[in-house]
Structures are given as structure tokens and as C-alpha cells.
Amino acid sequence: MSTSQRYRLRNPATGREIVLEAEPGEIYLDRDDGEALEVVGQVLPLAPSSSRLPWAVQNLRFCSWCDQLAQKDLNDCPTCGRRMEPLGPRAEAR
Ligand SMILES: [Zn+2]
């Protein structure tokens with residue numbers, strides 16, 4: 001279980017975003033053009049958490065009980081606490 005908080009950082013010039021474990025107060029520069037990255041937000045879930053997946057669309061699913069978003073690597077919904085259905089093959093996705 002990780003205790004470092006991850007942040008989403010954005011390069012204001014290019015709009016490129018990266019996720020990294022950042023320390024508050026540090027300045028991070030884009031590897032490509034040296035532009036200072038601005039913090040867009042903390043990556044959910046907040047550390048520490050049982051999920052290591054960043055809170056991003058491709059890592060999320062809808063809970064079959066409460067229709068709230070949950071990370072795909074969790075078995076229990078973080079919102080309602082109920083056990084979610086196993087993830088089916090992609091063909092079953094609506
Ligand atoms: Zn739920």
C-alpha cells in the first residue's frame with residue numbers, strides 16, 4: 001500500500017498531463033521542453049488506498065448497485081460498499 005500522494009500535473013504550454021508522486025512545494029519541469037508544470041489536482045484515490053489505479057476514465061467502471069464510479073481493480077464499491085459484479089468480457093459492455 002502506497003502512502004505517497006499522486007498528483008496530476010499539466011504543462012500549460014502543451015496541455016500534456018502526467019501523473020506522478022509529487023512532494024508539496026517542489027517544482028516539476030516537463031521533460032520535453034522544460035516548462036514548469038502546474039498542479040491540476042490530486043489523483044484519486046487519496047493515499048493510502050486499496051487501489052493503485054489513477055482516477056481516470058480508462059480505469060473506472062460503474063458500480064452495478066449504485067451507478068457510481070469505482071476503480072476496476074476493486075471488488076467492493078467504494079461508494080456503497082457492496083460487492084460489484086465481476087468484470088465481463090468487453091463484448092458485454094453496453
Ligand atoms: Zn456502489
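For the structure, see preceding data.
Heads up: these notes are all about the structure in this document. (Residues numbered from 1 in each chain as written. Predicted model: local features only at pLDDT ≥ 70, side-chain atom pairs only at ≥ 80, totals over all residues. Heavy atoms only, no water.)

## Remarks on the side chain of N59
Phase 1: If you trace the backbone, N59 turns up in the loop between β3 (38-42) and β4 (60-62).
Phase 2: Judged by its relative accessible area of 15%, N59 is buried.
Phase 3: Beyond its immediate sequence surroundings of up to four residues, N59 is in contact with L53, P54, A70, Q71 and K72. (Helix = DSSP H or I, 4+ residues; strand = E, 2+ residues; numbered from the N terminus. Buried < 20%, exposed > 50% of the residue type's maximum accessible area, 1.4 Å probe, protein only. Contact = heavy atoms within 4.5 Å.)

## Comments concerning the coordination of the zinc ion
Ideal donor angles around a metal are set by the shape: a four-donor tetrahedron calls for 109.5 degrees, a six-donor octahedron for 90 or 180 degrees.
Phase 1: Those donors, C63 (SG), C66 (SG), C77 (SG) and C80 (SG), are the protein atoms that reach the zinc ion, and they lie 2.3 Å from it.
Phase 2: Taken together, the four donor atoms surrounding the zinc ion define angles of 104 to 116 degrees at the centre, an arrangement classified as tetrahedral.
Phase 3: Of note, the zinc ion draws all its donor residues from one chain, in the sequence arrangement C-x2-C-x10-C-x2-C.
Phase 4: Exposure remark for C77: the relative accessible area of 3% places this residue in the buried category.
Phase 5: Judged by relative accessible area, C80 falls into the partly exposed class, the value being 32%. (Donors = N, O, S within 2.8 Å, 3.2 Å for Na, K, Ca; no water. Tetrahedral: all angles 85-135°; square planar, octahedral: opposite > 155°, others 65-115°.)

## Some points on the sheet that holds strand β1 (residues 6-10)
Phase 1: Taken in spatial order, the three strands make up an open sheet running β2-β1-β3, and their pairing is antiparallel. Every interior strand has two partners, whereas the edge strands, β2 (17-21) and β3, have only one. Within the sheet, the average angular offset between the axes of one strand and its neighbour, ignoring direction, is 35 degrees.
Phase 2: Of the strand pairs in this sheet, β1 and β3 are connected by four bridges, and their pairing is antiparallel. Paired with R10 across the bridge in β3 is E38. (Pairing = 2+ DSSP bridges. Axes fitted to C-alpha atoms, helices over the stretch in contact; angles between N-to-C directions.)

## What about the nonpolar core?
Phase 1: In this structure, C63, A70, L74, C77 and M84 together form the largest nonpolar core, which totals five residues.
Phase 2: Setting aside residues up to four positions removed in sequence, A70 forms contacts with N59, L60, R61, P78 and M84. (Core = buried A, V, L, I, M, F, W, Y, C linked by side-chain atoms within 4.5 Å.)

## Section: the environment of D33
Phase 1: Inspection of the secondary structure puts D33 in the loop between β2 and β3.
Phase 2: With relative accessibility at 39%, the residue D33 sits in the partly exposed group.
Phase 3: Taking the C-alpha atoms as reference points, D33 and N11, 22 residues apart in sequence, are found 9.3 Å from one another.
Phase 4: Those residues in contact with D33 that sit more than four places away from it in its chain are N11 and T14.

## Let's talk about the pairing of β1
In summary, the side chains of a regular strand alternate between the two faces of the sheet.
Phase 1: As paired strands, β1 and β2 are joined by five bridges and run antiparallel to one another. Each bridged residue has a counterpart across the sheet, and for Y7 the counterpart in β2 is L20.
Phase 2: From the end of β1 to the start of β2, which pair antiparallel, there are six residues, and G15 there has a positive phi angle of about 80 degrees.

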